[in-house]
Amino acid sequence: DQQVKQNSPSLSVQEGRISILNCDYTNSMFDYFLWYKKYPAEGPTFLISISSIKDKNEDGRFTVFLNKSAKHLSLHIVPSQPGDSAVYFCAAWGDTGTASKLTFGTGTRLQVTL
Amino acid sequence: EADIYQTPRYLVIGTGKKITLECSQTMGHDKMYWYQQDPGMELHLIHYSYGVNSTEKGDLSSESTVSRIRTEHFPLTLESARPSHTSQYLCASSENYGYTFGSGTRLTVV
């Protein structure tokens, strides 16, 4: 049962434009949502998070939006830069029935083109 | 400066060999995790620990084993490596909801 889903495996965006990465979840008990960025042959690095009691969090070029009624969150990157090309993982933290831990989505590969 | 360290970064080893992937963290976190990532991108949780002498299997069945004798150390062992074990192995630790990942070990079994 995939509780966190990223339905777009890949996304291509032109440099300078907005990148929008989407994530859906099914478990209403999740408390926090996070985005991680991963380059090949490296570990994921934390990008930005949002509490379930908020609907927006912004950090520089990165903004995360949370729509609890739709169980949907999105990451906006403005403006997109070539260095943003990586795989992005959405993750949700909370009680999954066995323990409180992070549940990761399947990832979206973002390519920012010149 | 990394607070969680994985060694080796890359390992090529023959079938049937025993290997141990090392993971150490200096943050004093009680919770530690091992993930496996195949080229298909998805991160699979294979083991986790919530403290010394506590280990649990994750969502993906794995032939590997782990131990947690010290808070800072969470090694993963494969008793007999097989080509199907070829993958990237990622270690992480956390205090609460924010995980910090190591750089990973890229394992190739030939």
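Topic: the overall build of chain B
Link 1 in the chain: The secondary structure content of chain B amounts to zero helices and eleven strands.
Link 2 in the chain: Referenced to the eigenvectors of the C-alpha coordinate spread, the extents of chain B come out at roughly 35 × 25 × 25 Å.
Link 3 in the chain: Scored against the burial criterion, the 110 residues of chain B give a buried share of 45%.
Link 4 in the chain: Looking at chain B alone, contacts between residues at least 24 apart form 51% of all its contacts between residues at least 6 apart.
Link 5 in the chain: When the accessible surface of chain B is totalled, it reaches about 5200 Å², and 49% of it is carbon and sulfur.

Examining the interface of chain B and chain A
Link 1 in the chain: Listed per partner, the contact involves 20 residues of chain B and 22 residues of chain A.
Link 2 in the chain: Of all residues in chain B, Met-41, Tyr-97 and Tyr-99 of chain B bury the most surface against chain A, accounting for 37% of the area lost on that side.
Link 3 in the chain: Between chain B and chain A we count six residue pairs in polar contact (both at pLDDT 80 or more) in total.
Link 4 in the chain: Of all elements in the fold, only strand E4 (31-37), strand E5 (43-51), strand E9 (87-94) and strand E10 (99-101) of chain B reach the threshold of two or more residues within the side of chain B that touches chain A.
Link 5 in the chain: No other element matches E5 of chain B, which puts four residues into the side of chain B that touches chain A.
Link 6 in the chain: Here the side of chain B that touches chain A is built from residues that sort into eleven nonpolar, six polar and three charged.

Observations regarding the state of the cysteines
Link 1 in the chain: Tallied over the entire structure, the rule returns two disulfides over all chains.
Link 2 in the chain: One disulfide in the model links Cys-23 of chain A with Cys-90 of chain A; its S-S distance is 2.0 Å. With the S-S bond torsion at -70°, the cross-link from Cys-23 of chain A to Cys-90 of chain A turns out left-handed. On the criterion of sequence distance, the pair formed by Cys-23 of chain A in strand E3 (residues 19-25) and Cys-90 of chain A in strand E9 (residues 86-95) is long-range, its members being 67 residues apart.
Link 3 in the chain: Judged by relative accessible area, Cys-90 of chain A falls into the buried class, the value being 1%.
Link 4 in the chain: Residue pairing for Cys-23 of chain B: its cysteine sulfur links by disulfide to Cys-91 of chain B, the two sulfurs lying 1.9 Å apart. Given an S-S torsion of about -75°, the disulfide between Cys-23 of chain B and Cys-91 of chain B has left-handed geometry. Taken together, the residues Cys-23 of chain B in strand E3 (residues 19-25) and Cys-91 of chain B in strand E9 connect sequence positions 68 residues apart.
Link 5 in the chain: Residue classification places Cys-23 of chain B among the buried positions, given a relative accessible area of 0%.

Let's talk about the nonpolar core
Link 1 in the chain: Of all hydrophobic cores here, the largest spans 23 residues; its most connected members are Phe-33, Trp-35, Leu-73, Leu-75 and Tyr-88 of chain A.
Link 2 in the chain: Within the residue set of this core, elements represented by two or more residues are E3, strand E4 (30-38), strand E5 (45-51), strand E7 (62-67), strand E8 (72-77), E9 and strand E11 (108-113) of chain A.
Link 3 in the chain: Counting residues per element, this core draws most heavily on E9 of chain A, at four residues.
Link 4 in the chain: Sequence-distant contacts of Phe-33 of chain A, defined by excluding residues within four places in its chain, comprise Tyr-25, Ile-48, Ser-49, Ile-50, Ser-52, Leu-66, Leu-73, Ala-91 and Ala-92 of chain A.
Link 5 in the chain: Ranked by size, the runner-up nonpolar core spans 18 residues in total, among them Tyr-36 and Leu-102 of chain A together with Leu-45 and Ala-92 of chain B.

Procedures and definitions
- Residues numbered from 1 in each chain as written.
- Chains lettered and ligands numbered in written order.
- Predicted model: local features only at pLDDT ≥ 70, side-chain atom pairs only at ≥ 80, totals over all residues.
- Heavy atoms only, no water.
- Helix = DSSP H or I, 4+ residues; strand = E, 2+ residues; numbered from the N terminus.
- Buried < 20%, exposed > 50% of the residue type's maximum accessible area, 1.4 Å probe, protein only.
- Contact = heavy atoms within 4.5 Å.
- Areas by Shrake-Rupley, 256 points an atom, 1.4 Å probe, with all protein chains shown as cover.
- Buried area = accessible area lost by both parts, 1.4 Å probe.
- Polar contact = N/O pair within 3.5 Å; in protein donor to acceptor, adjacent residues only side chain to side chain.
- Nonpolar A, V, L, I, M, F, W, Y, C, P; charged D, E, K, R; others polar.
- Disulfide = S-S within 2.5 Å.
- Core = buried A, V, L, I, M, F, W, Y, C linked by side-chain atoms within 4.5 Å.

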